Amino acid sequence: MTAARLAGVAGALALVLAAPGCGSDEEGFASVPGMGGKEFEGAPRSDVRIDMKDIRFGPRQVKLARGATVTWTNRDQVAHTVTEGNRVYNDFTSPDIGPGQTFRHTFREPGEVRYRCTIHANMEGEFRVE
Ligand SMILES: [Cu+2]
């Protein structure tokens, strides 16, 4: 096999690996174990604080009362974003949230909301708004 032929094979492999949607139930989301709306617990909450720490949202899944306000605080030394991914709430999205900064959003419609950080591929969170 020539070098040019090898390069062609490698290129084809890269295309397959980069195909969108593989292993994901919603475009743009990584497959994070435990995500997908099955692990919500407890009563719905109306005032929720979520830390962004160690490149994770915590808590990652929260049940919200309708009208709940969520405040995210970045406790890492790098920037994060909060970007909605399933279009329930018109794609709410934060600007880059720097270390020590916060972002706030109020959820007025019932439904399930998944969001992520656009900077870190496996950084995801989820709400069920009741
Ligand atoms: Cu991030």
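How each quantity is defined
Residues numbered from 1 in each chain as written. Predicted model: local features only at pLDDT ≥ 70, side-chain atom pairs only at ≥ 80, totals over all residues. Heavy atoms only, no water. Helix = DSSP H or I, 4+ residues; strand = E, 2+ residues; numbered from the N terminus. Buried < 20%, exposed > 50% of the residue type's maximum accessible area, 1.4 Å probe, protein only. Contact = heavy atoms within 4.5 Å. Areas by Shrake-Rupley, 256 points an atom, 1.4 Å probe, with all protein chains shown as cover. Donors = N, O, S within 2.8 Å, 3.2 Å for Na, K, Ca; no water. Pairing = 2+ DSSP bridges. Phe/Tyr/Trp six-rings, centres within 6.5 Å; stacked < 30°, edge-to-face > 60°.

Any chance you could explain the overall build of the chain here in plain terms?
A count of helical and extended segments in the chain gives one helix and seven strands. Helices (α) and strands (β) of the chain occur, in sequence order from the N terminus, as α-β-β-β-β-β-β-β. For the chain, the residues scored as buried account for 35% of the 130 residues in total. Summarising the internal contacts of the chain: among those between residues at least 6 apart in sequence, 53% fall at separations of at least 24. When the accessible surface of the chain is split by element, carbon and sulfur atoms take 52% of a total near 7600 Å².

I would appreciate a short explanation of the coordination of the copper ion in the present structure.
Each angle at a metal carrying four tetrahedral donors should ideally be 109.5 degrees, and each at a metal carrying six octahedral donors should ideally be 90 or 180 degrees. For the copper ion, the full set of protein donor atoms is H80 (ND1), C117 (SG) and H120 (ND1), and the range of their distances to it is 2.0 to 2.2 Å. As a motif over one chain, the donors of the copper ion read H-x36-C-x2-H. Of the two residues, H80 is situated in the loop between β3 (61–74) and β4 (83–84) and C117 in the loop between β6 (111–116) and β7 (124–129); the sequence distance between them amounts to 37 residues. Accessibility classification places H80 together with C117 in one group, the buried group.

How do you make sense of the pairing of strand β1 (residues 45–53) when you look at a structure like this?
Residues in a regular strand project their side chains so that they alternate between the two faces of the sheet. Strand direction decides the pairing type here: β1 and β3, joined by seven bridges, are parallel. Residue pairing in the sheet places R49 in a bridge with T71 of β3. Of the pairings in the sheet, the one linking β1 to strand β2 (residues 56–58) comprises three bridges and is antiparallel in character. Opposite M52, over in β2, you have F57 as the bridge partner. What sits between β1 and β2 in their antiparallel hairpin is a turn of two residues, with D54 showing a positive phi close to 55 degrees.

Sorry if this is basic, but what is going on with the environment of R56 here?
Tracing the chain through its elements places R56 in strand β2. Through-space distance from the C-alpha of R56 to that of H120 is 9.0 Å; in sequence the pair is 64 residues apart. Contact partners of R56, with chain neighbours within four places excluded, come to D51 and M123.

I would appreciate a short explanation of the packing of aromatic side chains in the present structure.
Here the distance between the centres and the angle between the planes together describe a pair of aromatic rings. By the definition in use, this model includes six aromatic pairs. Where F57 meets Y115, the ring centres are 4.7 Å apart and the plane angle is 65 degrees; that geometry is what we call edge-to-face. Taken together, the positions of F57 in strand β2 and Y115 in strand β6 put the pair 58 residues apart, joining distant regions of the chain. Classification of F57 as buried rests on a relative accessible area of 2%. A ring pair is formed by W72 and Y115, whose centres lie 5.3 Å apart and whose planes are at 80 degrees; its orientation type is edge-to-face. With W72 in strand β3 and Y115 in strand β6, this residue pair connects regions lying 43 residues apart in the sequence. Of the two residues, W72 and Y115, both sit in the buried class. Through pairs of rings, three or more aromatic residues link up here, namely F57, W72, F103, F107, Y115 and F127.

Help me understand the pairing of β6, please; the structure alone is not making it clear to me.
In terms of strand pairing, β4 meets β6 through two bridges, oriented antiparallel. Bridge pairing in β6 links T83 to R116. One ladder, built from six bridges, connects β6 with β7; its direction is antiparallel. Note on β7: the bridge partner recorded for R116 is E124.

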